[in-house]
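# Inside the fold
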Amino acid sequence: MSLDPVKQTYEKLGRDDPLYAVLSRKGLEDNKWDPEEFFETGRREIEAVLGYVDQVGLPLHRGRALDFGCAVGRLSQALAEHFERVAGVDISASMVERARDFNRHGSRVEYFVNTVPNLRILDSESFDFVYSNITLQHIPPDAAAEYIREFFRVLRPGGIAVFQVPNGPPLKPGSLRARLYMLRRRHLRRLWKRVRGKPPVEIHYIAVEHVRALIRESGARLVDEVGLGRRRRQSNLRYCAVKEAPSE
Ligand SMILES: C[S@@+](CC[C@H](N)C(=O)[O-])C[C@H]1O[C@@H](n2cnc3c(N)ncnc32)[C@H](O)[C@@H]1O
């Protein structure tokens, strides 16, 4: 499944109105976000997420963190206040260019443009924490599933991943339902958005059973699943999983 349409959309959004593309708050379109306030939302989000990890009782080593789908670095910058080093990865070069301009932590934060459906640019077992929010939902499910596998490859044993992805009915690969899914979620949705003069942003989901299996098959243990609210019939889930240490 090609990632080109998603990349094209975010290249344009990164050039035109990057902060609003990340957080689309009414009245703040056309570059009206105050960057201070924008980055403050990231600080609050990361404090809440780290508080949550603590609450579920997982010990977290504050070495290196990965922010997958970093855009302009809203969350990478906040992670740098808690971790020694942070890597932000995004498909959009224009977003990453802005992220580098906004970076306040020098070489402790590195940004990478990655346009392929894997994270081979990152070494195995080189992260203590992986965080991804409002990103996997924009990626077709096959590729999103591969990124989830990759989260657990790049984590060290004992490392923790927290990521959000909407839930929906399971899709059998190659089935008519799966083909209709892409027709609706990619082609018709993009067309409809264009007709209305809106950015052609795709919204995808992965069935919860599939995410659970991905976590298990990647050598990790699902620790918690949190419902983040419902949009129409589709629920939105945040997963927390820990990479198991290899058995002796
Ligand atoms: C809504 S923004 C979220 C940014 C960030 N997670 C935050 O919450 O501040 C979604 C980001 O995901 C990025 N993205 C989309 N597909 C991607 C992919 N395959 N790999 C990496 N980043 C991707 C987009 O370029 C965009 O910057």
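Refer to the structure above for everything that follows.
Reference entry: report on the structure contained in this document. (Residues numbered from 1 in each chain as written. Predicted model: local features only at pLDDT ≥ 70, side-chain atom pairs only at ≥ 80, totals over all residues.)

## Considerations on the overall build of the protein
The secondary structure content of the protein amounts to eight helices and seven strands. If you line up the protein on its principal axes, its C-alpha atoms span 55 × 45 × 30 Å. Per-residue burial over the protein gives 35% buried out of 248 residues. Looking at the protein alone, contacts between residues at least 24 apart form 67% of all its contacts between residues at least 6 apart. (Helix = DSSP H or I, 4+ residues; strand = E, 2+ residues; numbered from the N terminus. Buried ≥ 20, exposed ≤ 12 C-beta atoms within 10 Å, placed from the backbone. Contact = placed C-beta atoms within 7 Å.)

## Looking at the pairing of strand β1 (residues 64-68)
Of all five residues in β1, five are buried, a share of seventy percent or more. Of the two faces of β1, the one carrying Arg-64, Leu-66 and Phe-68 and the one carrying Ala-65 and Asp-67 are both buried. Sheet topology places β1 next to strand β2 (residues 85-90); five bridges connect them, and they run parallel. Note on β2: the bridge partner recorded for Ala-65 is Val-86. (Pairing = 2+ DSSP bridges.)

## Considering the site of the ligand
Near the ligand, the surroundings consist of 20 residues, among which Tyr-10, Gly-69, Ala-71, Arg-74 and Ile-91 are the closest. At the level of elements, α1 (4-16), α4 (74-79) and β2 are the ones that each hand at least two residues to the shell around the ligand. The class makeup of the residues in the shell around the ligand is twelve nonpolar, six polar and two charged. (Near = placed C-beta within 6 Å. Nonpolar A, V, L, I, M, F, W, Y, C, P; charged D, E, K, R; others polar.)

## A short note on the packing of helix α6 (residues 141-154) against helix α8 (residues 208-217)
α8 packs onto α6 with a crossing angle of 35 degrees between their chain directions and a minimal axis gap of 9 Å. Taken as a pair, α6 and α8 cross one another with a handedness that is right-handed. The segment α6 lies against α8, with Ala-145, Ile-148 and Arg-149 engaging His-210, Val-211 and Leu-214. Of the residues in the contact of α6 with α8, the class split is four nonpolar, one polar and one charged. (Axes fitted to C-alpha atoms, helices over the stretch in contact; angles between N-to-C directions. Left-handed = near helix turned anticlockwise from the far one by under 90°.)

## As for helix α7 (residues 176-195)
Taking 1.5 Å of rise per residue, 20 residues should cover 28 Å, and α7 covers 27 Å from first to last C-alpha, within 8% of that figure. Along its length, α7 reaches its greatest deviation from straightness, about 30 degrees, at Leu-188. Across the 20 residues that make up α7, only a small minority, zero, are buried. (Expected span 1.5 Å × (residues − 1). Bend = angle between axes of the 7 residues up to and from the residue.)

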